[in-house]
Amino acid sequence: MNAIPLDPASLLRHSGTRPPLEAVPDDEHLPAQADIVVIGGGIIGVSAAYYLAKKGYGVALVEKGQIGAEQSSRNWGWCRQQNRDARELPLARQSLGLWGGLQSEIGDDLGFRRCGLIYVTTDPADMAQWERWGAFARQQQVDTRMLGAAEARALAAGSTGAWIGGVHSPTDGVADPSRAAPALARAARRLGVTLHQRCAARGVERMAGAVSGVVTERGTIRTATVLCAGGAWASMFCRRHGIAFPQAGVRSTVFRTRPARDVVAGGFYSPRFSLTRRLDGGYTVSMPAAAQLDITPQGLRYARQFWPSFRARRKALHIRLGRSFLEGPEALANWQLDAVSPFERMRVLDPAPNLSAIAATLAEMRACYPGLGDIEIAQIWAGWIDSTPDMVPVISAVDGLPGLHLAAGFSGHGFGIGPAAGQLAADLIAGDRPAVDPRPFRYARLVDGSPIEPPGAF
Ligand SMILES: Cc1cc2nc3c(=O)[nH]c(=O)nc-3n(C[C@H](O)[C@H](O)[C@H](O)COP(=O)(O)OP(=O)(O)OC[C@H]3O[C@@H](n4cnc5c(N)ncnc54)[C@H](O)[C@@H]3O)c2cc1C
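Peer 1: Got a minute to help me understand the sheet that holds strand β1 (residues 36–39) in this structure?
Peer 2: Taken in spatial order, the 6 strands make up an open sheet running β8-β2-β1-β12-β21-β20, and their pairing is mixed. If you trace the sheet from one side to the other, it starts and ends with β8 (194–196) and β20 (394–397), each paired once. Mean inter-strand twist for the sheet, computed between neighbouring axes without regard to direction, equals 15°. Note that β1 and strand β12 (residues 226–228) share 3 bridges and pair parallel. If you follow valine 37 over to β12, its bridge partner there is valine 226. Against the sheet, helix α2 (residues 43–54) touches β1, β2 (59–62), β12 and β21 (404–408), its axis set at about 170° to β2.

As structure tokens, this is what we get:
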């Protein structure tokens, strides 16, 4: 095995912490008026803008930094029904269908392929959980298959893991996070959506209690309808308008490798790391052991709602007090609409990666796949995963402020369901019949005293 020079700190200096991302052209002039203003150019905002434009609406999308530069370019790219919470499964199914069709519909490459996802484990508790999910999934006609030890080892050929079993979803797949949001944004623009990057929305204006405009750092857009798809910043944005949105973030570190031998075609999950084959021939590697929970004012505000899901995951989380207490999406913040807002102060939420688990993950990966013995890390980054207490997003009108809609809180699995979530938001705004039941995603469930339904499999 070749020695690999591993110095994460110099890798960060050399390659930076912003993963590859395609550029998107801008529209210079902010419109004075729009039918709908979309705030946030992640996969959710651009999908919603695309489907709203297809319905014939005049849409302006404002993004404080760069299209796709936060969570939507930092994820693994998995688009799956496998291990989905029952409430999200219809959205996941709808989205897989859309991903396939969108590439030809927009004439651009989203990097989507149905390459299958394999989960393997050495832990009987994982098997029990997957068995329970599999029984439910079979009733729902999900294309998924439990694997015994021999099948798991055969499917994970080339790995040395002592797998006791696993689960395989052959028609799930991955899309390319460096391309998907930019390609959809460009497609939306061709349909007439105006795109404004480096243009933060500071807040909404009201008339007679309803939305009447969006104040941005470049001026005000008159509109009666706003979709806030601000990812991790959505709660801060809502709170400025007296709207509570329980949301909490976890910092997750990943790395990508240089091109390496082809040991898995699509996605491979094991309890210690996951691998996603990239179109550039490398892998995106996840490090569950490196997840961090920062103590923040917002986290403390909603601690009671998040306590059950925190308790379930606490062994996997490193808790720390750092700069996120003072800056970023969960810090304390007050601002006037005619002054610089926290959104402009942090154009791109680019959290510091947790370097502590890199060497151990690389060693485990090399031991598990000897064929990757000489693999090299090309870049390390982190993403801020925004969650709701029940790990299901909000895609809904917001009671209390007519004209405001919210699509956020995608809880670590919003990329794969992005197209269908954007389509659902567009249908709800237009008053059209949605393709899936929107009730699990209603905003009110998080604030009206309804019991928090525990997260299903994820
Ligand atoms: C490491 C990691 C791995 C993941 N793996 C997967 C996976 O394999 N599959 C999957 O389905 N999901 C995965 N996810 C989750 C997925 O990436 C997110 O759920 C999804 O990208 C959320 O999209 P979004 O558009 O809501 O948010 P974002 O992509 O974060 O976009 C929100 C945008 O809003 C902008 N914004 C915020 N406030 C304002 C404002 N006031 N004015 C203007 N702009 C504003 C921000 O700048 C940002 O660009 C992963 C996430 C991470 C971090």
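From this point, things continue past the structure.
Peer 1: Before we go on, may I ask you to explain the packing of α2 against helix α7 (residues 180–190) in this structure?
Peer 2: Helix-helix packing is described using two parameters, namely the angle between the two axes and the distance between the axes. Contact geometry for α2 and α7: axes closest at 9 Å, N-to-C directions at 25°. Taken together, the axes of α2 and α7 lie roughly parallel to each other. Considering only the axes of α2 and α7, their crossing is left-handed. Contacts from Ile43, Val46, Ser47, Ala49, Tyr50 and Ala53 of α2 reach α7 at Ala180, Ala181, Leu184, Ala185, Ala187 and Ala188. When the residues that make up the contact of α2 with α7 are grouped by side-chain class, the tally is 11 nonpolar, 1 polar and no charged.

Peer 1: What exactly am I supposed to notice about the pairing of strand β13 (residues 248–257) here?
Peer 2: Burial analysis of β13 places 9 of its 10 residues in the buried class, the great majority of the element. Where β13 lies against strand β19 (residues 377–387), 10 bridges are found, and the strand directions are antiparallel. Of the residues in β19, the one forming a bridge with alanine 248 is serine 387. Bridge count for β13 against strand β16 (residues 283–286) is 3 bridges, and the pairing is antiparallel. Each bridged residue has a counterpart across the sheet, and for arginine 256 the counterpart in β16 is threonine 284.

About the cut-offs
Residue positions are counted from 1 within each chain, in the order its sequence is given. Local features in a predicted model are, by the rule used here, given only for residues with pLDDT of at least 70; side-chain atom pairs are given and counted only at 80 or more, and totals for whole chains, interfaces and linings are based on all residues. Criterion used throughout: strands pair if DSSP finds at least two bridges between them. Where helices and strands are cited, they refer to DSSP runs of H or I of at least four residues and of E of at least two residues respectively, numbered from the N terminus. Here, axes are lines fitted to C-alpha atoms. For helices the fit covers the stretch in contact, and angles between N-to-C directions go from 0 to 180 degrees. Placing C-beta atoms from the backbone, we regard two residues as in contact once those atoms come within 7 Å. Any angle that is under 35 degrees is reported as roughly parallel, and any over 145 degrees as roughly antiparallel; angles of 65 to 115 degrees are reported as roughly perpendicular and all others as oblique. Note on convention: near helix rotated counterclockwise from far helix by under a right angle means a left-handed crossing. Clockwise means right-handed. Each residue is assigned to one class: nonpolar for Ala, Val, Leu, Ile, Met, Phe, Trp, Tyr, Cys and Pro, charged for Asp, Glu, Lys and Arg, and polar for all the others, Gly among them. Exposure is read from a count of other C-beta atoms within 10 Å of each residue's own; the residue is exposed at 12 or fewer, buried at 20 or more and partly exposed in between. C-beta atoms are placed from the backbone.

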